[in-house]
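Here are the chains, one letter per residue:
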Amino acid sequence: MLPLVSVILACGVLLNTSACAEMLDTELSEPQPDFDAPRKIMLQISTSDEKKINDVLWNAVNLQKFYGIDNVRIAIVAFGPGMQALYSETSPVGERIESLLKYGIEFIGCGNTMETTKHVEADLIPGVGFVTAGIAEIVERQLAGWIYVHP
């Protein structure tokens, strides 16, 4: 295996450039997203690990930045250990979730997990919704045209 410095130097020599990488833009597929036909993207939180939860939240923010807040709908579905992020008493990221709700990001909890862990709607961060089954919500939204990304 070549050391990284050799690879970088070889790229510069072979391509006669100072760098190998070129900045490319993502090409938007048709129909392009707009207010009337936004991209619909669903993310998942199924862990109580704060770093991983924050990674999902940053993914949501980055998607809004890329498409524009009016051109994308984002739903974050939590189930299992990920529900800890949505309970106001235990969430390590409660303030971030409250902020993202103001920017139109939808948070959906799993009723099955709530029932199993003896939580009720009042335990959720205000503005967070819930459905009977988080995984079923993911399946049904996919069938309705939502793009599912599991970061």
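Going by the structure above, here's the rest.
It should be emphasised that the depicted structure is a prediction, and the values quoted were computed from it without experimental measurement.

### Some remarks on the nonpolar core
Here comes step 1: Formed by 34 residues in total, the largest nonpolar core has its most connected members in Leu57, Ile76, Met83, Leu86, Ile97 and Phe107.
Here comes step 2: Breaking this core down by element, the ones donating at least two residues are β1 (39-45), α2 (50-67), β2 (72-78), α3 (94-102) and β3 (106-110).
Here comes step 3: The residues contacting isoleucine 76, other than those within four sequence positions of it, are Leu43, Ile45, Val56, Leu57, Ala60, Ile105, Glu106, Phe107 and Ile108.

### Some words on unusual backbone geometry
Here comes step 1: Residue lysine 118 is not a glycine yet carries a positive backbone phi of 60 degrees.
Here comes step 2: Inspection of the secondary structure puts lysine 118 in the loop between α4 (111-116) and β4 (129-131).

### Some details on the pairing of β1
Here comes step 1: Burial runs high along β1: six of the seven residues are buried.
Here comes step 2: Pairing between β1 and β2: seven bridges, direction parallel. Each bridged residue has a counterpart across the sheet, and for arginine 39 the counterpart in β2 is valine 72.
Here comes step 3: Handedness of the β1-α2-β2 crossover: right-handed.
Here comes step 4: Where β1 and strand β5 (residues 147-149) come together, three bridges link them in parallel fashion. Counterpart to methionine 42 in the pairing with β5 is tyrosine 148.

So, how was this worked out
Residues numbered from 1 in each chain as written. Predicted model: local features only at pLDDT ≥ 70, side-chain atom pairs only at ≥ 80, totals over all residues. Heavy atoms only, no water. Core = buried A, V, L, I, M, F, W, Y, C linked by side-chain atoms within 4.5 Å. Buried < 20%, exposed > 50% of the residue type's maximum accessible area, 1.4 Å probe, protein only. Helix = DSSP H or I, 4+ residues; strand = E, 2+ residues; numbered from the N terminus. Contact = heavy atoms within 4.5 Å. Pairing = 2+ DSSP bridges. Right-handed = clockwise from strand over helix to strand, strands pointing away.

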